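Remarks on the overall topology
One-letter residues, chain by chain:
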Amino acid sequence: MDDLMRLPDDIADYVLRSCPARTEEAVMSRFGISYNTLRKIERGEPIRASVAQRLLERIADERVA
């Protein structure tokens, strides 16, 4: 089982501000995460560390581009 990780507040805020729509399809297309994961981020709950790492890498790549 994966460890859990809480996203830093600035990253969580970025994800919530940058989400085009609160639908499964929009969230998956934009960030590669499920709607349920978005809801956990919104509530400040930890998510799977592997998902968090992938999301952090995706955001870092996006900020560089």
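Residues numbered from 1 in each chain as written. Predicted model: local features only at pLDDT ≥ 70, side-chain atom pairs only at ≥ 80, totals over all residues. Heavy atoms only, no water.

Things to note about the overall build of the chain
Per the secondary structure count, the chain includes four helices and two strands. Listing the helices and strands of the chain from first to last along the sequence gives β-α-α-α-β-α. For 65 residues, the compact-globule formula gives about 11 Å, and the C-alpha radius of gyration of the chain, at 11 Å, lands near that figure. A principal-axis box enclosing the C-alpha atoms of the chain has dimensions of 30 × 25 × 20 Å. (Helix = DSSP H or I, 4+ residues; strand = E, 2+ residues; numbered from the N terminus. Rg over C-alpha atoms; globule rule 2.2 N^0.38 Å.)

Here we look at the packing of helix α1 (residues 9–18) against helix α4 (residues 49–64)
Contact geometry for α1 and α4: axes closest at 12 Å, N-to-C directions at 70°. Judged by the angle between their axes, α1 and α4 are roughly perpendicular. On the side of α1, the interface is formed by Ile11, Tyr14 and Val15, while α4 contributes Leu55, Leu56, Ile59, Glu62 and Arg63. (Axes fitted to C-alpha atoms, helices over the stretch in contact; angles between N-to-C directions. Parallel < 35°, antiparallel > 145°, perpendicular 65-115°, else oblique. Contact = heavy atoms within 4.5 Å.)

What about α1?
Inspection of α1 places Ile11, Ala12, Tyr14, Val15 and Ser18 among the buried residues, and these make up the whole buried set. All buried residues of α1 lie within an arc of 160° about the axis, which places them on one face of the element. Of the surrounding secondary structure, the elements contacted by the buried residues of α1 are α2 (24–31), α3 (35–42) and α4. (Buried < 20%, exposed > 50% of the residue type's maximum accessible area, 1.4 Å probe, protein only. Arc of directions from axis to C-beta.)

Things to note about the packing of α2 against α4
Relative orientation of the contacting elements α2 and α4 amounts to 65°, with a least axis distance of 10 Å. Judged by the inter-axis angle, α2 sits roughly perpendicular to α4. Across the interface between the two elements, Met28, Ser29, Arg30 and Phe31 from α2 touch Leu55, Arg58, Ile59 and Glu62 from α4. Its residues assigned to classes, the contact of α2 with α4 shows four nonpolar, one polar and three charged. (Nonpolar A, V, L, I, M, F, W, Y, C, P; charged D, E, K, R; others polar.)

Quick notes on the environment of Gly44
Looking at where Gly44 falls in the secondary structure, it is placed in the loop between α3 and β2 (47–48). Classification of Gly44 as partly exposed rests on a relative accessible area of 29%. Distance in space between the C-alpha atoms of Gly44 and Ser18 is 17 Å, their sequence separation being 26 residues.

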